[in-house]
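The primary structure of each chain is shown beneath.
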Amino acid sequence: MFSRFKQSRTSRRGLKEWRGPPGARAYAIGDVHGRLDLLERMIATIDRDRRDSPRARDYLILLGDLIDRGPDSRGVVEFLMNLPADGMRIVFLMGNHEEMMLRVLGDEPEALHQWLTYGGYEFAQSYGVEVGRLAVLSPVDAAEKIRGAIPRSHIAFIEGFADSFTFGDYLFVHAGLRPGKSLAEQDTHDLRWIREEFLDDTSDHGCMVVHGHTISAEPEELENRIGIDTGAYQSGVLTAVRIEGDQRRMIMVDERKP
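These numbers were taken from a predicted model, which means no experiment stands behind them.

1. Section: the overall build of the protein chain
Each helix and strand counted, the protein chain has nine helices and eleven strands in total. Its C-alpha atoms give the protein chain a radius of gyration of 18 Å, near enough to 18 Å, the size a compact globule of 258 residues would have. Over its C-alpha atoms, taken along the principal directions, the protein chain stretches across nearly 60 × 40 × 30 Å. Put simply, the protein chain has 258 residues, and 54% of those count as buried. Put simply, of all contacts in the protein chain between residues at least 6 apart along the chain, 68% involve residues at least 24 apart.

2. Overview of unusual backbone geometry
Here the phi dihedral of His33 falls at roughly 45 degrees; this positive angle occurs in a residue that is not glycine. Along the chain, His33 falls in the loop between strand S2 (24-29) and helix H1 (36-52). The class of His33 is buried, set by a relative accessible area of 2%. Phi is positive for Arg69, close to 70 degrees, though the residue is something other than glycine. With respect to the helices and strands, Arg69 occurs in the loop between strand S3 (57-62) and helix H2 (73-81). With relative accessibility at 29%, the residue Arg69 sits in the partly exposed group.

3. Some remarks on the sheet that holds strand S6 (residues 170-172)
To summarise the sheet geometry, strands pair through backbone hydrogen bonds and adopt either a parallel or an antiparallel arrangement. The strand order across the open sheet formed by five strands is S5-S6-S7-S9-S8, and the pairing between neighbours is mixed. Of all the strands in the sheet, the pair left with one neighbour each is strand S5 (165-167) and strand S8 (220-221). In terms of strand pairing, S5 meets S6 through three bridges, oriented antiparallel. Bridge pairing in S6 places Thr166 opposite Leu171.

4. Observations concerning the packing of H1 against H2
Any two packed helices are characterised by how steeply their axes cross, that is the angle between the axes, and by the distance between the axes. Contact pair H1 / H2: the axes reach a minimum separation of 9 Å and the direction vectors enclose 25 degrees. The orientation of H1 with respect to H2, classified from their angle, is roughly parallel. In this structure, H1 uses Leu36, Leu39, Glu40 and Ile43 to contact H2, whose residues at the interface are Gly75, Val76, Phe79 and Leu80. Along the lines of polarity and charge, the residues of the contact of H1 with H2 split into six nonpolar, one polar and one charged.

5. Description of the nonpolar core
Within the largest apolar cluster, 48 residues are counted, with the highest numbers of intra-cluster contacts made by Ile29, Leu60, Leu66, Leu80, Leu105, Trp115 and Ile146. The contact partners of Ile146, leaving out residues within four places of it in the chain, are Leu105, Leu112, Trp115, Leu116, Phe123, Ala124, Val129 and Leu134. Ranked by size, the runner-up nonpolar core spans 20 residues in total, among them Leu93, Phe172, Ile226 and Ile228.

6. Considering the packing of aromatic side chains
Inspection of the entire model under this criterion finds eight aromatic pairs. Centroid distance Phe92 to Phe161: 5.4 Å. Interplanar angle 15 degrees. Geometry classified as stacked. Residue Phe92 is found in strand S4 (residues 88-92), and its partner Phe161 is found in the loop between helix H6 (152-159) and S5; the two are separated by 69 residues along the sequence. Ring geometry for Phe123 against Tyr127: centres 5.0 Å apart, planes inclined by 45 degrees, an arrangement best described as tilted. Within the aromatic cluster, the residues linked to one another by ring pairs are Tyr59, Phe165, Phe167 and Phe172.

What counts and what doesn't
The numbers attached to residues start from 1 for each chain and follow its sequence in the written order. Given that this is a predicted model, residues contribute local features only at a pLDDT of at least 70 and side-chain atom pairs are listed and counted only at 80 or more, while totals for whole chains, interfaces and linings are drawn from all residues. No hydrogens and no water enter the side-chain calculation; it runs on all heavy atoms of the structure. Under the scheme used here, helices are H or I runs from DSSP no shorter than 4 residues and strands are E runs no shorter than 2 residues, and both carry numbers assigned from the N terminus. In this treatment the radius of gyration is a C-alpha quantity, and the globule benchmark scales as 2.2 Å times the residue count to the 0.38 power. Relative accessibility under 20% of the residue-type maximum defines a buried residue, over 50% an exposed one, and the middle range a partly exposed one, all with a 1.4 Å probe and only protein chains included. Contacts: residue pairs with any heavy atoms within 4.5 Å of one another. Any two strands with at least two DSSP bridges between them are considered paired. Geometry is summarised by axes, namely lines fitted to C-alpha atoms with helices restricted to the contacting stretch, and by angles between N-to-C directions that run from 0 to 180 degrees. The cut-offs work like this: below 35 degrees is roughly parallel, past 145 is roughly antiparallel, 65 to 115 is roughly perpendicular, and the gaps in between are oblique. Amino acids outside the nonpolar list (Ala, Val, Leu, Ile, Met, Phe, Trp, Tyr, Cys, Pro) and the charged list (Asp, Glu, Lys, Arg) are all regarded as polar, and Gly is one of them. To define a nonpolar core, start from buried Ala, Val, Leu, Ile, Met, Phe, Trp, Tyr and Cys residues and group those joined through side-chain atoms within 4.5 Å. A pair of aromatic rings is counted whenever rings of Phe, Tyr or Trp (Trp by its six-membered ring) have centres within 6.5 Å, and the orientation is called stacked for planes under 30 degrees apart, edge-to-face for over 60 and tilted otherwise.

In short, the description is geometric, and any link to function would need to be established separately.
What follows is the structure, given as structure tokens:
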């Protein structure tokens, strides 16, 4: 099974050193988008790494956008719902795609076609919905048809996702944060949707922000943020970052290299 590892210290060229809490290790996985095949390989890689180097406290963080676009949203949800903790604390963060799905199947069916065009069709199809019929239904009826195909336990699972997670000097969010505001002042919409205002900002946020949401060909390690969305649904590359003490390691699984 192929995986690529890139390791670095968190202090480079005199930059601030970012550290995880003592005795703990975190693995954060970027946007999965329905790629169950890559997620299974990533979890297997992480499991091997944990066996090779046991730690007292391990954390697994999923950065959101587990669903839509890729072929098996249902499989991803079921896999993660049944993933054995095996001594890890598992944290699920809410992405903009999870938010949009919950809104459409909740109180905003009028946003149905917007959601469908950027990944919702693939989501619905993974739950056995005949997506060709959705176009002839009203948004309310189409949303009801999709909702009826999804086990209630899956919806409840996604509704329970958090918006952020702190690990020592690191802050994990889906999209980013609004520069100049403390975490307590952040708007949920920014944590799930923000792009340029966060990506283009070079200021010190008081923590190292680890995020997904915006695709890059390779993981991005900058002075104030780490982006690990490598576009798994289209590139076939799923990326995670492993953080322990003052060390970071990128873990990448690639469909082209079994």
